[in-house]
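# Chains, contacts and geometry: an overview
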Amino acid sequence: MQLDNLYQEVILDHYKNPQNKVLASDNDAQVHHVNPSCGDEVTLGVKLDGDKIASINWDGVGCSISQASTSIMSDLLIGKSLDEATAISEDFLHLMQSKGSEEGNPDVLEDAVALAGVSKYPARIKCALLGWMAFKDASVQAHSKEEK
Ligand code: ZN
């Protein structure tokens, strides 16, 4: 897999120095997602403050794409509202489905545009989406819990 050098550095940096990779004990919801095709695993917790994402914390093992993407996602979505996070996640999903035809909007996706090249490799897209799907699952659970 060949990615732009600068982008490769962003991914490696997040892989070596993952952000928010310490599971908290007071999450509103916590999920465990696996990507069997690659062996990636992510346990991810979400804590909400009303409609705002107060914390995304996680732990995981797997390839650099899955771990870096989860780190980038957590960095990007903490502090956002649930609606904003959904819009950003949909943008990222769209980018991953672009088969290499799109570069992604850095104003919206920030470091996540570094993963744009992954969309050319169908086998790796699940790696890049693992953390994002775990977040979606956990945030829906946390939100429904808050409404009760
Ligand atoms: Zn993987």
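Here the structure is a predicted model, which is why all the values come from computation and not from measurement. Per chain, residue numbering runs from 1 following the sequence as it is written. Only residues with pLDDT of at least 70 are given local features in this predicted model, and only at 80 or more are side-chain atom pairs given and counted; all residues enter the totals for whole chains, interfaces and linings. By convention in this description, side-chain values take in all heavy atoms of the structure and omit both hydrogens and water.

Helix numbering and strand numbering both begin at the N terminus, where a helix is a DSSP run of H or I of at least 4 residues and a strand a DSSP run of E of at least 2. Inspection of the secondary structure assignment puts Ser-74 in helix H2 (residues 64-77). Throughout this description, buried means an accessible area under 20% of the type-specific maximum (1.4 Å probe, protein chains only), exposed means over 50%, and partly exposed covers the range between. When its relative accessible area of 0% is taken as the criterion, Ser-74 is described as buried. Definition of a polar contact: a pair of N or O atoms within 3.5 Å, with one able to donate and the other able to accept a hydrogen when the atoms are protein atoms, and with sequence-neighbouring residues admitted only if both atoms are side-chain atoms. Only 3.3 Å separates the side chain of Ser-74 from the backbone oxygen of Gln-19, close enough to count as a polar contact. Contacts are residue-level and defined by heavy atoms, with any inter-residue pair within 4.5 Å sufficient. Excluding residues within four positions of it along the chain, Ser-74 makes contact with Gln-19, Asn-20, Ile-56 and Trp-58.

Attention now moves to the layout of surface pockets. Where empty space is left in the structure can be found by rolling a water-sized probe over the atoms. Residues are called lining when one of their atoms sits within 4 Å of a cavity or pocket point, these points coming from a 1 Å grid over the protein atoms alone, where a cavity is a set in which a 1.4 Å probe fits but cannot get out and a pocket is an open set with protein on both sides within 12 Å along at least five of seven lines. Grid points are joined across faces, edges and corners, and a volume is the space filled by probe spheres set on the points. Volume-wise, the largest pocket comes out at about 310 Å³. Forming the boundary of the largest pocket are 16 residues, of which Ala-85, Thr-86, Ser-89, Lys-136 and Ser-139 lie nearest the centre. Looking at the lining of the largest pocket, the elements that each hand over two or more residues are helix H3 (82-96) and helix H5 (122-147). Among the residues forming the lining of the largest pocket, the class breakdown is eight nonpolar, four polar and four charged. In this classification, the charged set is Asp, Glu, Lys and Arg, the nonpolar set is Ala, Val, Leu, Ile, Met, Phe, Trp, Tyr, Cys and Pro, and all remaining amino acids, among them Gly, are polar.

On to the packing of helix H1 (residues 5-16) against H2, then. Inter-axis angles, ranging from 0 to 180 degrees, are taken between N-to-C directions of lines fitted to C-alpha atoms, where helices are fitted over the stretch in contact. In the contact formed by H1 and H2, the axes pass within 8 Å of each other and the chain directions differ by 85 degrees. In this view, H1 runs roughly perpendicular relative to H2, as classed from their interaxial angle. Every residue of H2 that contacts H1 at Ile-11, His-14 and Tyr-15 is listed here: Ser-64, Ile-65, Gln-67, Ala-68, Ser-71, Ile-72 and Asp-75. For the contact of H1 with H2, the per-class residue count stands at five nonpolar, four polar and one charged. When describing relative orientation, an angle under 35 degrees is termed roughly parallel and one over 145 degrees roughly antiparallel, while 65 to 115 degrees is termed roughly perpendicular and anything else oblique.

Right, let's get into the sheet that holds strand E3 (residues 52-61). An order of E1-E2-E3 is seen for the three strands of this open sheet, with the pairing classed as antiparallel. The strands lining the two open edges of the sheet, one partner per strand, are strand E1 (29-35) and E3. Mean inter-strand twist for the sheet, computed between neighbouring axes without regard to direction, equals 20 degrees. Here strand E2 (residues 40-49) pairs with E3 via nine bridges, running antiparallel. For Asp-49, the partnering residue across the bridge sits in E3 and is Lys-52. Lying on the sheet, H2 is in contact with E2 and E3; it crosses E3 at an angle near 165 degrees. The rule for pairing is simple: two strands pair if DSSP sees at least two bridges between them.

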